[in-house]
Amino acid sequence: MNWDETGPDTDQRLVGSGADGEDQAVEAALRPKDLDEFVGQEKVREQLDLVLRAARARGATADHVLLSGAPGLGKTTLSMIIAAEMNAPIRITSGPAIQHAGDLAAILSSLHEGEVLFLDEIHRMSRPAEEMLYMAMEDFRVDVIVGKGPGATAIPLELPPFTLVGATTRAGLLPPPLRDRFGFTGHMEFYEPAELERVIHRSARLLDVEIDVEGAAEIAGRSRGTPRIANRLLRRVRDYAQVKADGVVNRDIAAAALKVYEVDARGLDRLDRAVLGALLKLFGGGPVGLSTLAVAVGEERETVEEVAEPFLVREGLLARTPRGRVATPAAWTHLGLVPPQQGQGGSGQQGLFRA
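Residues numbered from 1 in each chain as written. Predicted model: local features only at pLDDT ≥ 70, side-chain atom pairs only at ≥ 80, totals over all residues. Heavy atoms only, no water.

So, about the overall build of the protein chain. Within the protein chain one finds 15 helices and 11 strands. Taking the contacts inside the protein chain whose residues are at least 6 apart along the sequence as the reference set, 71% of them involve residues at least 24 apart. (Helix = DSSP H or I, 4+ residues; strand = E, 2+ residues; numbered from the N terminus. Contact = heavy atoms within 4.5 Å.)

Here is the structure:
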């Protein structure tokens, strides 16, 4: 059970990986408190445990940590666990909130020795603040500029040793000088269904929800490999079970509840199926351009590209090619459709305009 606080603003669907106010409130209560409770991410957890144990044995602050991966996989949770394991306070901020070097200097100058600074979406920090962070991470010092023009003076400010935990959903946007200053880098992977079942059982205990093994498996299979989504679906299934049944969640109740919320057996929702349906029924499976596909489903181009497509590509239902978007055989099977035969006028855009 591991979640982050950020996600695309456009992705506030039931199966979206972004966190709204309700999610954040529930997550605060469900987050694991130490590495032993943390489910999944075995490699990252094992490596991070060694880093923290070694730092405690030396009586030193832990190395700076960079965590990358999709929203909802546990970056924020791990940052809090790092602070707990080091018995240190944590300060939380985000890249978009730091628009000037002075903003970062104010935060850094108020840190205490050993404190953990969690910087979410670190790739969205402004360039001047980023350059100040280089020196702060490496030398625990910043130069504060006083005055303007030829009379400006740089005043060096010594900082107490601290641990920076940076989180990013787009590690490729981080400049190499910043990446190189992190002593440990961990990439968060999507979860397997068995791991999500453990997440769901633990959350169910904390939320006082009675759920059996098959019910948890049904929810896990529709959770898109993301603990945040698994917990959100669990809460919606709990509501259905309380209103429509005796409050106990089993496979049939879970399936019926998620049918009401339009989340199918593979975790696709209305938007996902609309994109696939348009690609298959209107364009014969493609290839078709992104803008044309977006118009066909009545959505913005960015919504289709950033919200729907990543999961469809990861599930092997859609492929991005130089000529456009193309449906895979698995997409035809999932929607119960038969792909057109070559030469029968229905294969892709060429078939649409064939005489």
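Having seen the model, we can carry on.
Alignment of strand 10 (residues 318-321) against strand 11 (residues 324-327), held across four bridges, turns out to be antiparallel. If you follow Thr-321 over to strand 11, its bridge partner there is Gly-324. Here strand 10 folds back onto strand 11 in antiparallel fashion, the turn holding two residues. (Pairing = 2+ DSSP bridges.)

Another aspect to go through is the layout of surface pockets. Counted as a void, the second largest pocket has a volume near 160 Å³. As for the second largest pocket, its lining consists of 13 residues, and the residues nearest its centre are Pro-193, Gly-221, Arg-224, Gly-225 and Glu-315. Of all the secondary structure elements, the ones that give two or more residues to the lining of the second largest pocket are helix 7 (193-207), helix 8 (213-221) and helix 13 (301-314). Split by residue class, the lining of the second largest pocket holds six nonpolar, two polar and five charged. (1 Å grid on protein atoms, 1.4 Å probe; cavity = no way out; pocket = protein on both sides within 12 Å on 5 of 7 lines; lining within 4 Å. Points joined across faces, edges and corners; volume = space filled by probe spheres on them. Nonpolar A, V, L, I, M, F, W, Y, C, P; charged D, E, K, R; others polar.)

This brings us to the sheet that holds strand 6 (residues 163-168). Overall, parallel pairing links the five strands, which are arranged 2-3-6-1-7 in an open sheet. Each end of this open sheet is capped by a strand with a single partner; those strands are strand 2 (90-94) and strand 7 (184-187). For this sheet the average axis-to-axis angle between neighbouring strands, irrespective of direction, equals 15°. Relative to strand 6, strand 1 (residues 65-68) is paired through four bridges, and the arrangement is parallel. Residue pairing for strand 6: Ser-68 is matched across the bridge by Thr-168. Seen against the sheet, helix 2 (residues 42-58) touches strand 1 and strand 7 and runs at an angle of roughly 160° to strand 7. In this fold helix 3 (residues 75-85) packs onto strand 1, strand 2, strand 3 (116-120) and strand 6, with an angle of close to 175° to the strand it touches most, strand 3. (Axes fitted to C-alpha atoms, helices over the stretch in contact; angles between N-to-C directions.)

A few words on helix 11 (residues 270-282). The end-to-end C-alpha distance of helix 11 is 17 Å, a good match for the 18 Å that 13 residues give at a rise of 1.5 Å each. For helix 11, every residue scored as buried is listed here: Leu-271, Asp-272, Val-275, Leu-276, Gly-277, Ala-278, Leu-279 and Leu-280. Close packing links the buried residues of helix 11 with helix 12 (290-297), helix 13, strand 10, strand 11 and helix 14 (329-334). Remark: Gly-284 follows helix 11 within two positions and exhibits a positive phi of approximately 60°. (Expected span 1.5 Å × (residues − 1). Buried < 20%, exposed > 50% of the residue type's maximum accessible area, 1.4 Å probe, protein only.)

Confidence in the prediction of the protein chain, expressed as mean pLDDT, is 83, and 86% of residues score 70 or more. Below a pLDDT of 50 lies the segment residues 343-355, which in the model reaches 23 contacts outside its immediate sequence neighbourhood of four places, other chains included. (pLDDT = per-residue confidence, 0-100.)

Once that is clear, we can look at helix 8. Along helix 8, the residues classified as buried are Gly-215, Ala-216, Glu-218, Ile-219 and Ala-220. Between the side-chain oxygen at the start of helix 8 and the backbone nitrogen of Glu-214 there is a gap of 3.3 Å, and the oxygen is on Asp-212. (Polar contact = N/O pair within 3.5 Å; in protein donor to acceptor, adjacent residues only side chain to side chain.)

With that settled, consider the nonpolar core. Counting residues in hydrophobic clusters, the biggest one holds 44 residues, and the most contacted among them are Leu-78, Ile-200, Ile-211, Ile-219 and Val-249. If sequence neighbours within four positions are ignored, Ile-219 has contacts with Ile-200, Ile-211, Ala-230, Leu-233, Leu-234, Val-237, Val-249 and Ala-254. Residues Met-132, Ala-136, Val-142 and Phe-182 belong to the second largest nonpolar core, which totals 24 residues. (Core = buried A, V, L, I, M, F, W, Y, C linked by side-chain atoms within 4.5 Å.)

One can find His-334 in helix 14. Take His-334: its relative accessible area is 23%, and that puts it in the partly exposed class. In the structure, His-334 is positioned 68 residues away from Arg-266 in sequence and 8.8 Å away in space, judged by C-alpha atoms. Those residues in contact with His-334 that sit more than four places away from it in its chain are Asp-264, Arg-266, Leu-268 and Leu-317.

For the coordinates displayed, the defined rule picks out one aromatic pair. Aromatic side chains Phe-140 and Phe-162 sit 5.5 Å apart centroid to centroid with 80° between the ring planes, which places their arrangement in the edge-to-face category. In this pair, Phe-140 is assigned in the loop between helix 5 (127-139) and strand 4 (141-146) and Phe-162 in the loop between strand 5 (153-158) and strand 6, connecting sequence segments 22 residues apart. Here Phe-140 falls in the partly exposed class, since its relative accessible area comes to 22%. Sitting over the ring of Phe-311, Arg-224 keeps its end group 3.8 Å from the ring centre. The ring of Phe-190 is capped by Arg-314, whose NZ or CZ atom sits 3.6 Å from the centre of that ring. (Phe/Tyr/Trp six-rings, centres within 6.5 Å; stacked < 30°, edge-to-face > 60°. Lys NZ or Arg CZ within 6 Å of the ring centre and 35° of its normal.)

In the contact formed by helix 4 (residues 101-109) and helix 5, the axes pass within 8 Å of each other and the chain directions differ by 35°. Two secondary-structure elements touch here, helix 4 through Ala-101, Leu-104, Ala-105 and Leu-108 and helix 5 through Pro-128, Ala-129, Met-132, Leu-133 and Ala-136. Considered class by class, the residues forming the contact of helix 4 with helix 5 number nine nonpolar, no polar and no charged.

Right, let's get into the packing of helix 11 against helix 13. Their axes nearest at 10 Å, the elements helix 11 and helix 13 cross at an angle of 90°. Judged on the interaxial angle alone, helix 13 and helix 11 are roughly perpendicular. Only Thr-303, Val-304, Val-307, Ala-308, Phe-311 and Leu-312 of helix 13 make contact with helix 11, whose side of the interface consists of Leu-271, Asp-272, Val-275 and Leu-276. Its residues assigned to classes, the contact of helix 11 with helix 13 shows eight nonpolar, one polar and one charged. (Parallel < 35°, antiparallel > 145°, perpendicular 65-115°, else oblique.)

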